[in-house]
Amino acid sequence: MCAVRALILLTALAPVSWGTTYAVTTEFLPPDRPLFTGLMRALPAGLLLLALARVRPRGAWWWKSAVLGALNIGAFFPLLFLSAYRLPGGMAAVVGSVGPLFVAGLAAVLLGERPTVRTLLTAVVAAFGVSLVVLRAAGALDALGVLAALASTASMSTGTVLTKRWGRPDGVGPLALTGWQLTAGGLLIAPLALLVEGAPPALDGPAIGGYLYLALANTALAYWLWFRGIGRLTATQVTFLGPLSPLTAAVVGWAALDQALTPLQLVGMALAFGATVVGQTGAGRRAAVRGVAVSAAGGESFSSTEEKHRKDSMDVTVQALRR
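All values derive from a computational prediction rather than experimental measurement.

Trainee: Honestly, the overall build of the protein in this entry has me stumped. Any pointers?
Mentor: When you go through the protein residue by residue, the secondary structure sums to 16 helices and 0 strands. Taken across its 323 residues, the protein has 53% of its residues classed as buried. Sequence separation of 24 or more characterises 92% of the internal contacts of the protein that already satisfy a separation of 6 or more. For the protein, the accessible area works out to roughly 13,600 Å², and carbon and sulfur atoms hold 70% of it.

As structure tokens, this is what we get:
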């Protein structure tokens, strides 16, 4: 059980790190360059992990890595930033917080996992709590922004369910798998960034430091922890770690950017955090114990064959604004 808790805490560091993205972007990086920022997050991190892992895709994993990289990174980043720019404050994060419901439907179809009533109710409570934290005063909803937010949520949800279904090749660790996806996603964003935003901007010292943080801690390390958690934890457990991202963003805004937290936001934080805790209990915990026991006994960090992943009923995802 201690091993399960340690694994949950390590995986939780990913959404906590993503919650700092907004503050770093607004305080240190060039304005209005979301695609360039996505490129600088994904491609250097992917190349670094490839250099460390020294393993290239083989056979079908060339196209599988491209698909996963597009869904989890290459399409997700641009769609998320587009929705954030076109929707009223926090609305993109609210739409993103329904990710667990997307995952529940996809898992039922692709993994044969039936969501429980408790899981669905907890997902609704988590989304409601996030909405209280991030939603701001109104404004007209932009149709393209709403579609982009829904598409970004669907993209990441599909990518993570497929990550669980496909697993990874024998002898390949999560470090290499993460590197493949980040590199593929970065290569997809590169021409789009050049076409839409033009040449890269001039960078000063703070911007260079900000991009280094985003590439190394916020992306390379965080996504490695996240994909590692996908393989070792259950759907319920990892899915409900997602609300930690907007909660972290709110806390960072209060602590570092002098943004006030209203009583209603504090209530929302309590609801979302409570849903995160509830999501770690019950049947999901028992399944995780079995998974960690198998890992310890057999030396596998997570399933190494596609057949085993089709039988497993564990998957994840949820994202927050400016992940």
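Trainee: Can you help me understand unusual backbone geometry in this one?
Mentor: Trans peptide bonds make up most of the peptide bonds, and negative phi angles are found at most residues other than glycine. A positive phi angle, near 60°, is found at Asp-32, a position not held by glycine. Position of Asp-32 among the secondary structure elements: in the loop between helix H2 (21–28) and helix H3 (34–53). Phi at Arg-54 is positive, roughly 55°, even though this residue is not glycine. Of the residues examined, Arg-54 reaches a relative accessible area of 75% and is grouped as exposed.

Trainee: Explain the nonpolar core here, please?
Mentor: Nonpolar side chains tend to gather and get buried jointly when the protein is soluble and globular. Core analysis: the biggest nonpolar cluster contains 28 residues, and Ile-73, Phe-77, Tyr-223 and Trp-226 have the highest contact counts within it. Taken together, the elements giving at least two residues each to this core come down to helix H1 (2–18), H3, helix H5 (76–86), helix H10 (174–197) and helix H11 (205–232).

Trainee: Mind showing me how you'd approach the packing of H3 against H11 here?
Mentor: At a minimum axis separation of 8 Å, H3 and H11 run at an interaxial angle of 60°. On the basis of the axis angle, H3 is oblique to H11. Note that H3 runs across H11; the crossing there is right-handed. Facing H3, whose interface residues are Phe-36, Thr-37, Met-40, Arg-41, Ala-42, Pro-44, Ala-45, Leu-48 and Leu-49, H11 presents Tyr-211, Leu-214, Ala-215, Leu-216, Asn-218, Thr-219, Ala-220 and Tyr-223. Along the lines of polarity and charge, the residues of the contact of H3 with H11 split into 13 nonpolar, 3 polar and 1 charged.

Trainee: Looking at this structure, how should I read the packing of aromatic side chains?
Mentor: If you walk through the whole model with that rule in mind, you get 7 aromatic pairs. Between Phe-36 and Tyr-211, the aromatic rings sit 5.5 Å apart at their centres with planes inclined by 90°, giving edge-to-face as the arrangement. Separated by 175 residues along the polypeptide, Phe-36 in helix H3 and Tyr-211 in helix H11 bring together distant segments of the chain. Judged on exposure class, the residue Phe-36 and its partner Tyr-211 are both buried.

Trainee: Mind showing me how you'd approach the environment of Ala-184 here?
Mentor: With respect to the element layout, Ala-184 can be found in helix H10. Sequence separation between Ala-184 and Ala-66 is 118 residues, and the spatial gap between their C-alpha atoms is 5.4 Å. With near-sequence residues (within four places) excluded, Ala-184 lies in contact with Ser-65, Ala-66 and Gly-69.

Trainee: I tried to follow the packing of helix H4 (residues 61–74) against H5 on my own but got confused; where do I start?
Mentor: Helix packing for two helices is described by the angle between their axes and how far apart those axes are. Here H4 crosses H5 at 20°, and the two axes come no closer than 5 Å. When the axis of H4 is compared with that of H5, the two are roughly parallel. Contacts between H4 and H5 involve Ala-70, Leu-71, Asn-72, Ile-73 and Gly-74 from the first element and Phe-76, Phe-77 and Pro-78 from the second. For the contact of H4 with H5, the class distribution of residues is 6 nonpolar, 2 polar and no charged.

Trainee: Just to check I follow, could you spell out helix H8 (residues 117–134) for this structure?
Mentor: Since the α-helix turns once every 3.6 residues, residues separated by three or four places project in the same direction. Taking 1.5 Å as the rise per residue, H8 with 18 residues should run 26 Å; its terminal C-alpha atoms sit 26 Å apart, in good agreement. Within H8 the residues assigned to the buried category are Thr-119, Thr-122, Ala-123, Ala-126, Ala-127, Gly-129, Val-130, Ser-131, Leu-132, Val-133 and Val-134.

Trainee: I would appreciate a short explanation of the pattern of salt bridges in the present structure.
Mentor: Side-chain pairing between opposite charges can occur once the charged atoms of the two side chains come close. In the structure shown here, the tally under the stated rule is 1 salt bridge. Linking Arg-33 and Glu-197 is a salt bridge whose minimum nitrogen-to-oxygen distance equals 3.4 Å. Separated by 164 residues along the polypeptide, Arg-33 in the loop between H2 and H3 and Glu-197 in helix H10 bring together distant segments of the chain. Residue classification places Glu-197 among the buried positions, given a relative accessible area of 17%.

Trainee: Quick question: what am I supposed to make of H10 here?
Mentor: Counted at 1.5 Å a residue, the expected span for H10 with its 24 residues is 34 Å, and the 33 Å between its end C-alpha atoms agrees. Positive backbone phi, approximately 80°, marks Gly-198, located one or two places after H10.

Reading guide: rules and limits
- Residues numbered from 1 in each chain as written.
- Predicted model: local features only at pLDDT ≥ 70, side-chain atom pairs only at ≥ 80, totals over all residues.
- Heavy atoms only, no water.
- Helix = DSSP H or I, 4+ residues; strand = E, 2+ residues; numbered from the N terminus.
- Buried < 20%, exposed > 50% of the residue type's maximum accessible area, 1.4 Å probe, protein only.
- Contact = heavy atoms within 4.5 Å.
- Areas by Shrake-Rupley, 256 points an atom, 1.4 Å probe, with all protein chains shown as cover.
- Core = buried A, V, L, I, M, F, W, Y, C linked by side-chain atoms within 4.5 Å.
- Axes fitted to C-alpha atoms, helices over the stretch in contact; angles between N-to-C directions.
- Parallel < 35°, antiparallel > 145°, perpendicular 65-115°, else oblique.
- Left-handed = near helix turned anticlockwise from the far one by under 90°.
- Nonpolar A, V, L, I, M, F, W, Y, C, P; charged D, E, K, R; others polar.
- Phe/Tyr/Trp six-rings, centres within 6.5 Å; stacked < 30°, edge-to-face > 60°.
- Expected span 1.5 Å × (residues − 1).
- Salt bridge = Lys/Arg side-chain N within 4 Å of Asp/Glu carboxyl O.

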